[in-house]
Amino acid sequence: MSTDNLNSAGDEESLTTPLILQRSVINSSSQVAIVGANVCPIESLDYEIAENDFFKQDWRTRGRSQIFQYQFMKWSLCFLVGSIVSLIGFFNNLAVENIAGMKFVVTSNMMLARRYGMAFTVFSVSNLVLTLFASIITAFVAPAAAGSGIPEVKAYLNGVDAPGIFSLRTLFVKIVGSISAVSSSLLVGKAGPMVHTGACIASLLGQGGSKKYGLTWRWLHYFKNDRDRRDLVTIGSAAGIAAAFRAPVGGVLFALEELSSWWRSALLWRAFFTTAVVAIVLRAFIDLCWRGKCGLFGTGGLIMFDVYSASMSYHLVDVPPVLLLGVIGGILGSLYNFLLEKVLRIYNLINEKGIAHKILIACSISIFTSCLLFGLPWVASCTPCPSGSAEACPTIGRSGNYKKFQCPPGHYNDLASLIFNTNDDAVRNLFSKDTDEEFRYSSVFIFFVTCFFLSIFSYGIVAPVGLFVPVIVTGASYGRFVGMLIGSHSNLNHGLYAVLGAASFLGGSMRMTVSLCVVILELTNNLLLLPLIMLVLLISKTVADAFNGNIYDLIMKAKGFPYLETHAEPYMRQLTVGDVVTGPLQYFHGIEKVENIVHVLKTTGHNGFPVIDEPPLSESPVLYGLILRAHLITLLKKKSFLSTPVSAAGDALRRFSAGDFAKRGSSNGDKIEDLEFTGEEMEMFLDLHPFTNASPYTVVETMSLAKALILFREVGLRHLLVIPKISRGSPVVGILTRHDFMPEHILGLHPLLIRSRWKRLRIRFPGLFKPF
């Protein structure tokens, strides 16, 4: 019998280099859990409802008022999630803009006084302190908060449960650490952490708060199951994107296209309602900020990037440059993913040496970044301020297109306007309209190369950091540079090329189309760009798919998450489910001895067990259903034992309620090792029939593995029972779990398939295998 506990003994050794060699109960703070990294044991989630007698009785006793309350609570939670996520999103931007703005104001004042050494000291030390703070609280308080969190949310919505990713500590560190890391001038973003933040808020509300900290709400008991929490987490992640970019429709589409593995129309309505709440709340606070009541936030990150031009037009001659932009963006995006994966693996080898090494890497990256941001503008020459500029030139202070830096009066440093700035302001400068003459070729190219590599090296630190904004900044600089090269041969201005460059780089790295298109349109407030953005996204994604996968899938694979893809590998058509089911099969009788149950639970890590009735309860061995490990532990904890092996279904229904078997949320729950029994109790019996899911999903042993995978993923199963085609004693052959569909497990059992895969590759791509 196989199991979804991936660290159970007896697993076949993979023929490829294993991604995870050791596991502990503490989640790794590394961005990648590979080559000996210590990460938590990974389990699956029970998205399938266990239809036992208690579940049926609970629904039979519900009246119209309770059903109305259930639906009302769902919509109320959506409103709460939208309101809280929007408030946190606004607070994040307010904090980042004011902390980073104060830092740049102080540094700029020292530059004006020509105290360049002191200016660099203040700039670099403040960045180091902010980075050090973010790294320390992440490493010591909530290691699961490191990174963007999008791979973890995506894996969770696929059915993978990594403990700690939605805890209250993780939420706190995600918010505070993200503010500190983004304010430290590292080339990292806050959009990814906002997705994780929204998912955390939704999960905590769905489980009724946190028992550990005494924050629970009894009226949320209806959502004590993985399926309702999955829907809430999906809605929370959509709200996170909506709050990060003020893109409500883009948030819904992002959750649909990139995150969610299961979708339905009811979920679409609730997600749309939630993101609408986010948009309304943010609009109200932005209006407040326009009145000057938000400090330095004023025109901060939540304000749309203005690239609108009423006279903008494009013709057929503009299509070839856009196509070229998409092709190069796809190549650069795939190269970005390749390099980022390699850097994360190197970081992990260092991180596994201890927390001190993790913090040392973060501090080193901070110092290196400060040196680049402060030093590179010195290589750029000063430019005279243009006459008739719409804004003050040179810019004195934090934001603007005309940073003075070290230049004399009446001049500005174009490279400093991009590189010595917050990420949001850099994007705004690149996207801005009617600025074709403001930046030099060398400055934009230097900025592109700096962003490309700094974002790769910055993402792997032990802090809550995202990739969305760095990819947008890098792509915008690349697009702007291409627009400058094309020059007068195109009707599009350089700001529009920056938008298209950002779209192409996003498509090449993240491989999304519809959601990214809508997010960019909502960011720029320019619907006229729709055809060009659609075209560049399709081209860049198609080109990049020929080289590697999207960045979040690569990180999930490196972390060791057993993610089930939407498609089946070709070799799965050659195998049946009977070819991958491993034993021995552990099962229980309908009325089982307590001693046997305790022994099996202590000696195995399985989370589901078939329940089989044999004579005299039935004429022949017959499969009654499937019982979960958590339900067995609840029965043992309650000690509702029988002195004789007789049925006691009626009595059990009176002594238990459906709430006794509700899932506790993010806590680990009770363990069999924590329960103690007397010798007399070990000799007693339990009637498992009332607690068994009598209608589990089953497949015949001759079904193809590919077909079983589609069923397993589409329904959202944790256990899939395999029954024999011809009766031969036992009514069950084994159980399929997520682990049995992993390529490493399948190819470990059938190594000849590897040779056939290489053979097909040689036939299809003969040039790749010729000797040099």
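Our subject is the structure that appears above.
The structure presented is a predicted model; accordingly, all values stated were derived computationally and were not measured.

Before going further, it helps to examine a nonpolar patch on the surface. Taken together, the side chains of Leu132, Ile136, Phe140 and Val141 make up a nonpolar region of the molecular surface, amounting to roughly 320 Å² of accessible area. Structurally, Leu132 is set in helix α3 (residues 116–140).

Here the focus is the packing of helix α10 (residues 319–351) against helix α11 (residues 355–375). In contact at an axis separation of 8 Å, α10 and α11 are set at 130 degrees when each is read in the N-to-C sense. Of the possible angle classes, the one that applies to α10 and α11 is oblique. Between α10 and α11, the residues in contact are Tyr347, Ile350 and Asn351 and His357, Lys358, Ile361 and Ile365, respectively. Split into classes, the residues belonging to the contact of α10 with α11 amount to 4 nonpolar, 2 polar and 1 charged.

Moving on: the packing of aromatic side chains. Under the defined criterion, the tally for this structure stands at 28 aromatic pairs. Centre to centre, the rings of Phe374 and Trp378 are 6.5 Å apart; their planes meet at 45 degrees, and the pair counts as tilted. Exposure remark for Trp378: the relative accessible area of 36% places this residue in the partly exposed category. For the ring pair Phe448 and Tyr478, a centre distance of 6.2 Å and an interplane angle of 40 degrees mean the geometry is tilted. Remark: Tyr478 occurs in helix α15 (residues 468–486) and Phe448 occurs in helix α14 (residues 441–459); sequence separation between them is 30 residues. Taking the relative accessible area as the measure of exposure, Phe448 reaches 13% and is therefore buried. Residue Tyr478 is classed as buried on the basis of its relative accessible area of 5%. Within the aromatic cluster, the residues linked to one another by ring pairs are Phe104, Tyr116, Phe120, Phe123, Phe374, Trp378, Phe405 and Phe420.

To continue, consider the state of the cysteines. According to the stated counting rule, one finds 1 disulfide in the structure shown. Disulfide partner of Cys382: Cys407, at an S-S distance of 2.1 Å. Linking Cys382 and Cys407, the disulfide has an S-S dihedral of approximately -95 degrees and is accordingly described as left-handed. Separated by 25 residues along the polypeptide, Cys382 in the loop between α11 and β7 (383–384) and Cys407 in the loop between β7 and β8 (411–412) bring together distant segments of the chain. Residue Cys407 is classed as buried on the basis of its relative accessible area, which comes to 1%.

Let us look at the sheet that holds strand β12 (residues 622–628). Taken together, 3 strands build an open sheet; the order of strands is β9-β11-β12 and the sheet is mixed. Because the sheet does not close on itself, it has two edges, and the strands there are β9 (588–589) and β12. Docked against the sheet, helix α21 (residues 629–638) engages β9, β11 (608–613) and β12, running at close to 80 degrees with respect to β12.

This next bit is on the environment of Ile533. Position of Ile533 among the secondary structure elements: in helix α18 (residues 530–545). Along the sequence, Ile533 and Gly501 sit 32 residues apart, while their C-alpha atoms lie 9.3 Å from each other. Excluding anything up to four places from it in sequence, Ile533 contacts Val499, Leu500, Ala503, Cys517, Ile520 and Leu521.

Basis of the calculations
Residues numbered from 1 in each chain as written. Predicted model: local features only at pLDDT ≥ 70, side-chain atom pairs only at ≥ 80, totals over all residues. Heavy atoms only, no water. Patch = residues over 30% accessible without salt bridge, like charges linked within 9 Å, V, L, I, M, F, W, Y side chains within 5 Å. Areas by Shrake-Rupley, 256 points an atom, 1.4 Å probe, with all protein chains shown as cover. Salt bridge = Lys/Arg side-chain N within 4 Å of Asp/Glu carboxyl O. Helix = DSSP H or I, 4+ residues; strand = E, 2+ residues; numbered from the N terminus. Axes fitted to C-alpha atoms, helices over the stretch in contact; angles between N-to-C directions. Parallel < 35°, antiparallel > 145°, perpendicular 65-115°, else oblique. Contact = heavy atoms within 4.5 Å. Nonpolar A, V, L, I, M, F, W, Y, C, P; charged D, E, K, R; others polar. Phe/Tyr/Trp six-rings, centres within 6.5 Å; stacked < 30°, edge-to-face > 60°. Buried < 20%, exposed > 50% of the residue type's maximum accessible area, 1.4 Å probe, protein only. Disulfide = S-S within 2.5 Å. Pairing = 2+ DSSP bridges.

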